[in-house]
Structures are given as structure tokens and as C-alpha cells.
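Single-letter residue listing:
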Amino acid sequence: MSTLHRSDKSQARPVRKGLHPRNLHNQGYDFPALVKSHSALAPHVKPNAYGDLSIDFADPLAVKTLNTALLNRYYDIVDWDIPEGALCPPIPGRADYIHYMADLLGLEQHSIKLLDIGTGANGIYPLLACQIYGWQCVGSDINTQSLENVARIIANNPTLKERFTLRTQQDKNHIFEGIIQAGEFFDVSVCNPPFHASLDEALKGSQLKLNNLARSRGEQKAKTESPTLNFGGMGAELWCKGGEQLFLKKLIRESQVYATQCRWFTSLVSKADTVKPAKKLIRKLGAVDIREIEMKQGNKTTRVLAWTFI
């Protein structure tokens, strides 16, 4: 397991409201240390309206470069990169998901096997799980180009080669079938489902995010009125027919088929009104335990739905 580095306490920022106690980003971003780890970040770091060092979170290149620096400094991952337009995950929030999964499974367990459904071009959940807890991970995706990018990241980080493997989902109508093999057992599956039902809905969501970022900088709204996917996201990473609710319904139904091959099935749920019908379906299919885990980062609340048939 990697030795993780905490930031210099002299540079510590106020604790972020609600991040998991073990999250290395509880003190905010130590930009001088991050620039020292990854010099390419330097041009993006400037004082914000409050006089604090920051980056322009509406700039996709700045966000991607910040991620590369964070993964390098805190998780010993070098040369992380994603293709232009690919989903760029917020590292603190993604680390929170993994920490809460560790709590769900029990920290006393060491030989954990994790399955990431839709790992994307960033591979973020397995990367963090490997480096924080030393888990064995499998990442699946329907997009072969995304998997090729993750394979390149793994190749650049030799310690990952024995821990992180990739599998292609050949059938867009299935989630676990063709991925979980006969006789195989996972301790937990994680998923960041496509939230939107269409490209138009995804663009509107991105514009709302840009406006929120602008308000946090003291501006009325974002400077551009032509929405762009500033945090990236290609095709199935952001939208699918029926959106989050239909995807989650499919994931829950198929989880029952593999009830004895995975201890905990979990998924991020972005929309609060998706939770109740999802829980109802899980109960109907015979799950013996259902958990709703709230995660907070600043004023933002997200939730993980977890269920088990075992």
C-alpha cells in the first residue's frame, strides 16, 4: 500500500464541511505543495476574489491539471490524464465514496475486491481504492477507448498492475452480465451512473454548475451563455435513455441475478426523488439490508445507495 502524504500544516486551509474524517482533502487544497508536485498547475493558480489561492473551476484544463497534481501528491499516481471531453471527477468527493465503502465493509478487512461499473476514461474509483486501501479492483466499461486510456495510466504506475484489471462490457443492455465471471465474488460494487436523460439535459446541468461557480466568485452568472461540458463527460458518462432513474432500476434488477456474487451493491444517486422508488424496488427483490449514505462537501450533499442480499 502506498504511503500517503498529508499537506504541510502551515499551509492548511479551514476544514471542508462534511468530508469523511479520513479524507486527505479535509484541509482544502494546498496549492503551493500541489504546484511543487506538478509544475504544470502553476499557470492556473491565482488569488480569487477573497485573496485565497485557487484555480478557475470553470476551465476544464485547470480542473484536469489540478486532478493530476492531487493524484500525484496524495496518492502516488503519476501521469494521470484523460482525453479531451472525458469526465473529470472531483477527487475529494470520489475519495469520500471509497472511504464510506471502507466503513460499510469494515476496516478490519484487508483483502477487499471492488468492481467499478462504468469506470470511464478516468478510472478514479479503482485508482483511489488501490492506493488508499490496497484493494483488488476491476473496472468495467462499454467504451473501449476509455478503457485504453485507463490501461495507459495503469502501465505508467507499476504498483497498480497487480491490483487493477479492466473488462469490456460487450452488451449495452447488461451491466453485471459478461463482467462478473462464474465463481467470482466481489465485496462491493460501485457506480457513478449517467445522471441525465439527454444531451440537452446534460448541457443545462453544466450551465447551472457554471452559474453556481460564478456566484461563488461573487459574479451574478457565468460569462458564457452557450453551455459547455466544462467538467467533461462523453456519451454514456453523462446521459442515457431514461436517465439516472431507469439506469438505477436496471442495475438493481440485474444485481439480484448476482446476489450471491457480491456482498454490497452500491451506486451514487444524484437526484433525491430517485431514492424512494429505488429502495422500494430493492426491497421487492428481496434485499436483506439497505443503506442510504449521505456525503457532504461544502453545501453540496450527495448520497450513496447500498444494498445486499447476503
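Rules used throughout
Throughout, a residue's number is its position along its own chain's written sequence, starting from 1. pLDDT decides what is reported in this predicted model: residues at 70 or higher carry local features, side-chain atom pairs at 80 or more are listed and counted, and totals for whole chains, interfaces and linings draw on all residues regardless. Side-chain metrics rest on all non-hydrogen atoms present in the structure, leaving aside hydrogens and water. Helix and strand definitions here come from DSSP, where helices need a minimum of 4 consecutive H or I residues and strands a minimum of 2 consecutive E residues; each element is numbered from the N-terminal end. Whether two residues touch is decided by their heavy atoms; if any such pair falls within 4.5 Å, the residues are in contact. Here, a strand pair is defined by DSSP locating no fewer than two bridges between the strands. The convention used is that axes are lines fitted to C-alpha atoms, helices contributing only their stretch in contact, and that angles between N-to-C directions extend from 0 to 180 degrees. Here, nonpolar core refers to any group of buried Ala, Val, Leu, Ile, Met, Phe, Trp, Tyr and Cys residues whose side-chain atoms link them within 4.5 Å. The cut-offs for exposure are 20% and 50% of the maximum accessible area for each residue type, with area from a 1.4 Å probe on protein chains only; residues under the lower value are buried, those over the upper are exposed, and the others partly exposed. We define a salt bridge as a contact between a side-chain nitrogen of Lys or Arg and a carboxyl oxygen of Asp or Glu at a distance within 4 Å. Here the word oblique covers every angle except those under 35 degrees (roughly parallel), over 145 (roughly antiparallel) and from 65 to 115 (roughly perpendicular). Crossing handedness: left-handed means the near helix sits turned counterclockwise from the far one by under a right angle, and right-handed means the same turn made clockwise. By this rule the span expected of a helix is its residue count minus one, scaled by 1.5 Å. What the arc describes is the spread of directions from the helix axis to the C-beta atoms. We call two N or O atoms a polar contact when they sit within 3.5 Å, provided that within protein one can donate a hydrogen and the other can accept it, with sequence-adjacent residues counted only if both atoms are side-chain atoms. Pairing of aromatic rings covers Phe, Tyr and Trp, the last counted by its six-membered ring, and requires centre-to-centre distances within 6.5 Å; plane angles under 30 degrees mean stacked, over 60 mean edge-to-face, and any other angle means tilted. Patch construction takes residues with relative accessible area above 30% that form no salt bridge. Like charges are linked within 9 Å, and nonpolar side chains (Val, Leu, Ile, Met, Phe, Trp, Tyr) are linked within 5 Å. Accessible surface is estimated by sampling points in the Shrake-Rupley manner with a 1.4 Å probe; for residues, cover comes only from the protein chains shown. When charges are counted, Lys and Arg contribute as positive and Asp and Glu as negative, whereas His and the chain ends are disregarded. Note that the charge is assigned to NZ on lysines, CZ on arginines, CG on aspartates and CD on glutamates.

When its secondary structure is counted, the protein shows eight helices and nine strands. Of all intrachain contacts in the protein linking residues separated by at least 6 positions in sequence, the fraction that spans at least 24 positions is 68%.

What follows concerns the sheet that holds strand E6 (residues 186–191). Strand order in this open sheet of seven strands is E5-E4-E3-E6-E7-E9-E8, and the pairing throughout is mixed. Edge positions in the open sheet fall to strand E5 (164–168) and strand E8 (289–297), since each of these has one partner strand only. Taking each pair of neighbouring strands and ignoring which way they run, the sheet shows an average axis angle of 20 degrees. Sheet topology places strand E4 (residues 136–141) next to E5; five bridges connect them, and they run parallel. Its bridge partner being in E5, Ser140 is matched across the sheet by Arg167. Here helix H4 (residues 124–133) sits on the sheet in contact with strand E3 (113–117), E4, E5, E6 and strand E7 (262–269), set at roughly 160 degrees to E3.

We now examine the nonpolar core. It is characteristic of soluble globular proteins that their nonpolar side chains tend to be buried jointly. Grouped together as the largest cluster of nonpolar side chains are 55 residues, with contacts concentrated most on Leu34, Tyr75, Met101 and Trp135. It is helix H3 (residues 91–105) that provides the largest number of residues to this core, a total of nine residues. The contacts of Met101, once residues within four sequence positions are left out, are Trp135, Val188, Val190, Thr266, Ile293 and Val304. Counting residues in hydrophobic clusters, the runner-up holds 27 residues, among them Leu251, Ile252, Ala278 and Ala287.

What follows concerns the pattern of salt bridges. Applying the stated criterion to the full structure yields six salt bridges. Residues Arg167 and Glu184 are paired through a salt bridge, measuring 2.8 Å at the closest nitrogen-oxygen approach. Residue Arg167 is found in strand E5, and its partner Glu184 is found in the loop between E5 and E6; the two are separated by 17 residues along the sequence. You can call Arg167 buried: its relative accessible area is 15%. Judged by relative accessible area, Glu184 falls into the buried class, the value being 9%. Among the ionic contacts, a cluster of salt bridges with common partners joins Lys113, Arg167 and Glu184.

Close contact between helix H7 (residues 243–257) and helix H8 (residues 272–284) brings their axes to 10 Å; oriented N to C, the two are set at 20 degrees. What the angle tells us is that H7 and H8 run roughly parallel. As H7 packs across H8, the resulting crossing turns out to be right-handed. Contacts between H7 and H8 involve Glu244, Gln245, Leu248, Lys249, Ile252 and Arg253 from the former and Thr274, Pro277, Ala278, Leu281 and Ile282 from the latter.

A separate point is helix H5 (residues 144–155). Under the 1.5 Å per step criterion, the end-to-end length of H5 is 16 Å for 12 residues, consistent within 8% with the ideal 16 Å. Taken residue by residue, H5 has Ser146, Leu147, Asn149, Val150, Ile153 and Ile154 as its buried positions. Down the axis of H5, the smallest arc covering the buried residues is 155 degrees, so these residues share one side. Turned more than 90 degrees from where H5 packs its buried face, Gln145 and Glu148 sit exposed. Buried residues belonging to H5 abut H4, E4 and E5. Looking at where H5 begins, the residue whose side-chain oxygen comes 2.9 Å from the main-chain nitrogen of Gln145 is Asn143.

All right, on to unusual backbone geometry then. Outside of glycine, negative phi angles account for most residues, and trans bonds account for most peptide bonds. A positive phi angle is found at Asp76, which is not glycine, with a value near 55 degrees. Phi angles above zero are rare outside glycine, and Asp79 is one such case at about 55 degrees. With respect to the element layout, Asp79 can be found in the loop between helix H2 (60–75) and H3.

This part covers the packing of aromatic side chains. All chains considered together, the criterion is met by eight aromatic pairs. Consider the rings of Phe176 and Tyr258, whose centres lie 6.3 Å apart with planes at 50 degrees: the pair is tilted. Pair noted here: Phe176 is in the loop between E5 and E6 and Tyr258 is in the loop between H7 and E7, with a separation of 82 residues, a long-range link. There is no split in this pair, since Phe176 and Tyr258 are both buried. A connected cluster of aromatic rings, assembled from ring pairs, spans Phe176, Tyr258, Phe265, Trp307 and Phe309.

Together, Lys249, Arg253, Lys276, Lys280 and Lys284 line one region of the surface with positive charge. Every element with two or more residues in the positive patch is listed here: H7 and H8. A total of three residues in the positive patch trace back to one element, the largest contributor, which is H8. Secondary-structure assignment places Lys284 in helix H8.

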